[in-house]
Structure formats: structure tokens, C-alpha cells
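Listed here are the chains, written in short residue letters.
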Amino acid sequence: MSPAQIASRRTMRRMGSVSLIVAIVVVAFVVRLVDIQVVRAAELSAESAERRSTTSTLWAERGQILDRTYQALAENADRYHVTASPRHVADFRRAGVTVAVMDALAEIEAITGTPAAEMWAAVSADPESNFAYLSKDATTEQYRQLLDLDIPWMYFERNADRFYPFGSVAGNLTGMMGADGPLEGVELKWDECLQASHGVLSYQQGADYVKLPGTTQVTTPAVNGGDVVLTIDSDLQWFVLQQLASTGQSLGAQSGSAMVVEVKTGEILASADWPTFDPNDFANTPQSHLRAATFTSAFEPGSTLKSITMAALLEEGLTRPDEAFSVPSTYGLPGGRYIRNAGGGAAGNLTSTGILSLSSNTGTALLAERISPKTLNRYFTAFGFGEPTAVDFLGEQSGYLQDPEKIDSITVHTQAFGQGMSATMAQMAGAYQAIANRGEKIPLRLVSGCQHEDGTFDEVKKASPTRVVSQRTADQVIAMLETVPRSGTLQYRVDVPGYRIAAKTGTAEIAENGVYTDERMISIAGMVPAEDPQYVVVVAFVKPQTNRFSYAAAPAFDEIITHLVKHYRVAPSTEEPTLPPITW
Amino acid sequence: MSALTASIAPTARTSPRLRALPQARTATPPKVSYAVATLVGIFAILGGQLMLSIALGNGAYAIQDLERQLAERHRDLSIVSEEIGAMQDPQTLASLAVSLGMVDDGDPAYLRLSDAQVLGSGEPAVAGSTTVVAVVPGEEPTDISAVATSIVGQDVEGESLSAFAALSEDTSEVTAGAMNTLEGVDSTIPVVAEQPAPAAKTFGGDLPSPTTH
């Protein structure tokens, strides 16, 4: 074989082996290609989509709580928790300068106020951890400043916080939101209307976290909560609260409450409690302040109830406003006990009007002998005592009325002047609303309704008015009550020149552990203007120290009445009333 | 076999004859323009696709940017609505008013036009008679100087908040100069009587129904 032939064969072999290798490689690629593109295509494609896909929360807003003029009493505010990944916390370079960890924390402290040492402790507690809170509840402005710091290991967690712009003004009614949800008041009671449900948005994103076009999809839509509209006038509410605080402080009282009701609608315009709390910052507030005492606290009302007893007696035809009595200074009870009056003036030659006007306990007990416990109980119930008001406030009390069939021999006399039974301020305001509205009781309202996001308004059903006493009886009671600021217990103490006011004082002894103590609860309930009552005001102070007579509540009552006629532009009275005599 | 082949075969056998083939036409080279057009078409489609893809990509960035802007505006809204809410607080407003020297006007009074009689007390309000008290135990009344400063700090076009600016941050005292003079106003008040009508607490007579706003 010639050398040329040998060389040719070698070349052939080389060619063959190279071709074989090429063929093997090509086959391998083809197999892999078929595997990827055909066999595992669906699986790989799904895995890839999953890696690109992500979801984010579509934030929905909790509804607001609004007053009658649609001013927000509770709204939402964005807050941000500042977090860090301790594993990555280290010195870093910013604009060509190295920034030390402690310097960065000091910068955060300057904005949020959280001490740098505290943040360092949080970060160094577990250096391998991937999450730690640095500071909580930064405001939006602080959040922006923090972003500008450009710290690579700092992250944010959005937190929708509840914000009460008017602070303590209506905190007793709105209640507040805790970390896990609503805690008190309207926030809790009306949670169904207010609550929002967040939505979910799914989309695919590229390596630079930009959403890929055409991939966004709202998986679950976000639904904002509805707004709860109250009947409260927040300006008036603030004024009433100021008067409670001012008079309450000068009396050294433990607490005070007041309610203002619009007579023709039964709407509660103000319901204030002092001392109160700021729902934006209630962590250190005693539990006893975190409530609306006007609804949730039942007390023995004392003499303000005499107006109701008198209305029952007049309606039953058992007395007349000018009926004359020789009222004794004491009234004997079984067991050697006796009823007496707060002052000497409440006995002697008094008319029924005088008994009411000078708040005679003995006279009232004398009059109440004429009405059976069952009948009186029927009137008390009709006026709204013994059951919660139509407001149905969270934790509202029903008060206590003794069963007329089983009533004891003391209470049968004392309940006529408001001892031995209990009532809430709201019930008392409701009862005076019935008298002021010429005998027709309109159930109280605090919430007008729920305003949904789509504009529909679910109005709270207005309960139908009920006639409690005749118009004539109501007019007689109003005239009798008009003598109180003129010549009765509020003489020289309640006087708004140009306006006719009807009112009744009350001093109740406070029982503790079943025994009446020296402590008092003083109150005034009344209405303005007496010739055509528009507003009912009830004011009470618990355990006043500097003055325990009921007229001590007069400064607050007088200021509130004065403010009402100015605030709602009530025209002054034009005629002098003809009032029944109080003595004979 | 087909009928065509069958009919040709006998002819070939019977008359075999040679003849010159016509001169083969020289093949014309394919026109360059077609190739160019095809290539241009292909590149146009590819380019179009690329452009479309770039446009879509750009759109994604534009959307991202707009969403970011929207979030920023939401934050602006959140900040100002919080500020407005806090400024509307009656407690804050009252504190500001009192710090400016305003007082509650006390008992209301009406002037009866028919006989120029004052109904109601007619007593002027007393300077310094209104105070704002704290309602939450342990909480000081609203720090109005902070609120006033925050209001003054805002750029308000066409509105002068000089009264707020006059508010001293330390003492909350008002140092407004010409607040008590009402120049140009007194000439419009008609002089009815030299002596002011005595305040009347008594009722009687018709009242004009006061329409106040």
C-alpha cells in the first residue's frame, strides 16, 4: 500500500470519528431540546411563570366616623414600621462616603425619635435574623425623610393606623382601634359597616421588579368600608365637654356627664363625659375613663325624676299644679326611718308646683301615696326607664326598676323621687324629651346610618314616636318646671336673659356596698325655650367635694343652655309666662 | 402506461430524424431587487417587532413611574388631610381663638328695631373671660403655638395670616397692633340715640324674626 493510500485512509478515519462526535453532540442537543421544548414544556413554563409572578395587597380603607356635618371624628392615617435585616446590617457607602451603622441609626433617631441604642439592641439581639423592628408608627413625612437616608438594609412595613382628628372631643362615643381591631364604642358596635377588606393583585415582574405588561390581574377586589354618620354636633360636643371639665374641676368632682337632645327629632347632639381620653393615645388611660358613661353608667337619679312622677300624677288626675298642701318637714317610713328634705324651704304651705319647684322629698312622698306602684311603674316604663334606649350603645345599661308587685315598703315611697331605682343619663334625657315634645316620646338616635362607598345610605330605622302623657299634662309639667329657675332651687343660678327655661335639679345619695354615703351625685335636667322646647339638656356630676347641692351643677347647665340658643340661633322668648303659684 | 407514451413510441420508430435544437436561451440572472425587497421586508418585520416590544417595555416603565407618582400623591393627601383634621379640632381652634384675644360673647342680645330696645343682657363680653381647659387628666391644653407655627410655616397665596404670625411662640400672647380700630366702619353705623337703650329683661311686643347667618 502506497504511503498516499495510507494517508488517505487515516484522513477518512479522522473524518469519520469527527463526524461521529458531531453526530453524537447534535443528537444530545436534539434530545435535550425535545425534552425541554416538548416533554417538560408545560412544567418548565409553569415554573418560569411562578418565578415571575408575584402578588401585592390592594389596600382598602376602613370607613370614617362622621358627625352630623360630615366632619371626620375617626379617619385613617398611613403609618410605617421601620424594619431592618440584622444579617445585612453593616457599614455602607453612600455618595462615596462610608456610613457607620451607629451613624445611620443616629440619623433614624433624629427623624423618628426612637433611641439609637434601642434600635441597636433590636438589631444585635439576633445578628443572624432576617427581620427586626427598628421603629414603629412613623408618619408619612418621617417615612419620606427616612427614604432619603438611602440605607440599604432598612425596610418599611405599611400600617394603616386609625386617626381621631378631634382627639378627646368624641372619644367616648367613637371608641378606638387596638392592634387587633376595634375596642370600644361606635368602632366596635358598627364594625360591620366600617370594616374594609383588602384585595389581592397578581402580576408578573421582570428582573428589575417592573410589572410585565398585560400580566396584572385583580385576584380579589379591595372593598372600602362604609362611613358611620352620627347625630353629634362636634362643636357643641366640645363646648359641653369644656363646661363639664371647668365646672367639674371647680367642684372637685370625680366625674361629670352631659347630654343634649334635639326635642323634635330625638337626635343626640352632644353626649360628653369628663374626664375623658384621647383615642389617639389611650395606653395609659384608666379603664374607667374609656367609656360613654351617659349610656353605660346607671345611677340613682334623685330629684330629676320628680318631674316624671308629677307627670304621672297629673295625667292620672291625682293632683293639679296649684293644689295646696301642708308639707311636713319629715315623712315617716316603716322601721323608724324617715324622709327629710335637703333644705328647710321645701316644707310648709306649698302647692304641687312648689313641691316640684323646691324639690320637696316629703311633699313628693305625700303625693305619691295617691298613685299605685303598678301605675307609677307603668309611667316610668313608658318614659323609657328600665330598658336601654333605642340608641343601643355598646354596653348600654338598662337601669333598674323594682317589680311593682314585690316592691319593698321603703322603695315604694323613695322611688317617686329617684332613690331605690336607677337610670342612665340617656334614659333621663329621653324622658325629658318626651315632656319637652308635649308628651310624645321620640326614641333617641345617635347614629343616622351607614354611608356605603357606592353612595347608598343605610339609614338607621327611626322608631315610631309614642304618646306617653297628654299634651296638656306635658304643658303643665313644663310650666311647673319653669318656676324652678325663677323661684325654685335654681333661682339666681340659671338665667339666660330673654329666654324662658324649664329645669329640675337632682341630688342623689350615692350608695356604696349597700349603704348610702355622704357622697352625692348632683344633676340638672331641663329644656329651652320653655314656650316651645327645642333642646333638652341633662348635666350631672358625681361626687362633688366643694359643694354637694344640686344647684352646684348650674354653671355648666347655664353655659350649655346659653351656648345652645346662640349656636342654633333660637329666637328669644316674646311673652311672659303665666306660671302656677308655688306657695299659698 | 399512459396513452401519451403509447402514441409517441410508434412515431419515434418510423421517422428518426436529426434536427438542430433551437439555441438555448441564456439564463437571465435573478433580479437583485426581489432579494432586496424580501430582505427589507424581513428586516422591517423584525424591526417592527422590536419597536413594538420596546414600546411595550417602555409602557411598563411609564406605568411603573405613574403608579409611583400616584402613591406619592396619596401620601401627600394623607399628610394634608391629617393636618387639616387636626386643625379643625374644636379644641385647637378654640385655643387659637383665645390666644388671639377672642372671647365667648356671653349671653346673647337682640336689638328690637321698633323701639331700639335691647332684648337680652346686652352686656359686652369681658376680655380674658374665656379659657380652654384640658379634658383629659394629665394632659395639657393643646399646644397652640406649635399649631400656629405650622400654619404660619405654610405658603398661603393671597391670604394673610399675620395675626398668627404675631403669636409669640413662647408666651402665646398676641401682639397685633391695629386690631382694635375699625377705621371706615363707624361712619356706616347710624346714630339712633345718644344714650344706649337700657337692657330689658322683660318680654312683650313683636320681635323681628332674626335671620342670622
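Residues numbered from 1 in each chain as written. Chains lettered and ligands numbered in written order. Predicted model: local features only at pLDDT ≥ 70, side-chain atom pairs only at ≥ 80, totals over all residues.

> Account for the sheet that holds strand E10 (residues 199-204) of chain A, naming residues and giving values.
All names here are of chain A. The antiparallel open sheet is built from 3 strands, whose spatial order is E1-E10-E11. Taken across any chain shown, the strands that pair with only one partner, and hence form the sheet edges, are strand E1 (53-58) and strand E11 (217-220). Direction aside, the axes of adjacent strands within the sheet are offset by 30° on average. Pairing of E10 with E11 involves 3 bridges; the strand directions are antiparallel. Bridge pairing links Ser202 to Gln217 in E11. (Pairing = 2+ DSSP bridges. Helix = DSSP H or I, 4+ residues; strand = E, 2+ residues; numbered from the N terminus. Axes fitted to C-alpha atoms, helices over the stretch in contact; angles between N-to-C directions.)

> Lay out the nonpolar core with the relevant residues and their values.
Burial of nonpolar side chains together is a common tendency in soluble globular proteins. Residues and elements named next belong to chain A. Of all hydrophobic cores here, the largest spans 140 residues; its most connected members are Val260, Val538 and Phe557. Taken together, domain 1 (57-194 + 202-230) and domain 2 (234-277 + 296-567) each give at least three residues to this core, which thus spans both. Beyond its immediate chain neighbours, meaning those up to four positions away, Val538 contacts Ala258, Met259, Met425, Met428, Ala429, Tyr432, Ser523 and Ala525. (Core = buried A, V, L, I, M, F, W, Y, C linked by C-beta atoms within 7 Å. Buried ≥ 20, exposed ≤ 12 C-beta atoms within 10 Å, placed from the backbone. Domains from an automatic or database assignment. Contact = placed C-beta atoms within 7 Å.)

> Talk me through the environment of Asp558 of chain A; I want residue IDs and the actual numbers.
All names here are of chain A. Mapped onto the secondary structure, Asp558 falls in helix H18 (residues 554-567). In the structure, Asp558 is positioned 64 residues away from Val494 in sequence and 5.2 Å away in space, judged by C-alpha atoms. Residue contacts for Asp558: discarding those within four places in its chain leaves Val494 and Val496.

> Break down the environment of Ser255 of chain A for me, with residues and values.
All names here are of chain A. For Ser255, the location among the structural elements is in strand E13 (residues 255-262). The spacing of Ser255 and Asp273 is 18 residues in sequence and 7.6 Å in space, taken between C-alpha atoms. Once you skip the residues sitting within four places of it in the chain, Ser255 turns out to touch Trp274, Pro275, Ala293 and Val542.

> So what's going on with H18 of chain A? Which residues, and what values?
All names here are of chain A. Over its 14 residues, H18 runs 19 Å from end to end, which matches the ideal 20 Å to within 8%, given 1.5 Å per residue. The buried fraction of H18 amounts to 11 of the 14 residues, a majority that puts the element mostly inside the structure. Here H18 has its buried residues at Ala554, Ala556, Phe557, Asp558, Glu559, Ile560, Ile561, Thr562, His563, Leu564 and Val565. Against helix H9 (234-251), E13, strand E25 (502-512), strand E26 (515-528) and strand E27 (535-542) lie the buried residues of H18. (Expected span 1.5 Å × (residues − 1).)

> How would you explain the environment of Ala502 of chain A if you had to name every residue and give the values?
All names here are of chain A. Along the chain, Ala502 falls in strand E25. By the C-beta count within 10 Å, which is 28 here, Ala502 ends up buried. Placed 24 residues apart in sequence, Ala502 and Gly526 show a C-alpha to C-alpha distance of 5.4 Å. Setting aside residues up to four positions removed in sequence, Ala502 forms contacts with Ile478, Leu481, Glu482, Gly526, Met527 and Ala530.

> Which residues make up the domain arrangement of chain A, and what values go with them?
All names here are of chain A. Parsing chain A into structural domains produces domain 1 (57-194 + 202-230) and domain 2 (234-277 + 296-567). Its C-alpha centre places domain 1 at a distance of 48 Å from the equivalent point of domain 2. Contacts between the two partners involve 23 residues from domain 1 and, on the opposite side, 18 residues from domain 2. For the side of domain 1 that touches domain 2, a count of residues per class yields 12 nonpolar, 7 polar and 4 charged. (Nonpolar A, V, L, I, M, F, W, Y, C, P; charged D, E, K, R; others polar.)

> A description of the interface of chain B and chain A should follow, citing residues and the corresponding values.
For an interface, size is often stated in terms of accessible area lost upon the parts coming together. Listed as interface residues are 34 residues of chain B and, on the opposing side, 43 residues of chain A. When contributions to the side of chain B that touches chain A are tallied by element, the ones reaching two or more residues are helix H2 (32-88), helix H3 (90-99) and strand E2 (117-120) of chain B. The leading source of residues in the side of chain B that touches chain A is H2 of chain B, at 13 residues.

> Which residues make up the packing of helix H3 (residues 101-112) of chain A against helix H4 (residues 116-124) of chain A, and what values do they have?
Residues and elements named next belong to chain A. With their axes 9 Å apart at the nearest point, H3 and H4 run at an angle of 125° to one another. Between H3 and H4, the angle falls in the class oblique. Between H3 and H4 lies a crossing of right-handed hand. Contacts between H3 and H4 involve Met102, Leu105, Ala106, Ile108 and Glu109 on the former and, on the latter, Ala116, Met119 and Trp120. (Parallel < 35°, antiparallel > 145°, perpendicular 65-115°, else oblique. Left-handed = near helix turned anticlockwise from the far one by under 90°.)

> Could you give an account of the sheet that holds E13 of chain A, naming the residues involved and the relevant values?
Residues and elements named next belong to chain A. Pairing is antiparallel in the open sheet, where 5 strands are placed in the order E14-E13-E27-E26-E25. Each edge of the open sheet is held by one strand with a lone partner, namely strand E14 (268-274) and E25. Pairwise comparison of adjacent strand axes, ignoring direction, gives a mean angle of 10° for this sheet. With 10 bridges connecting them, E25 and E26 associate as antiparallel partners. Looking at E26, one finds that Lys504 is bridged to Ala525. Those strands touched by H9 are E13, E14 and E27, and its axis lies near 30° from that of E14. Sitting on the sheet, helix H16 (residues 425-436) is in contact with E13, E26 and E27, with an inclination near 150° to E27.

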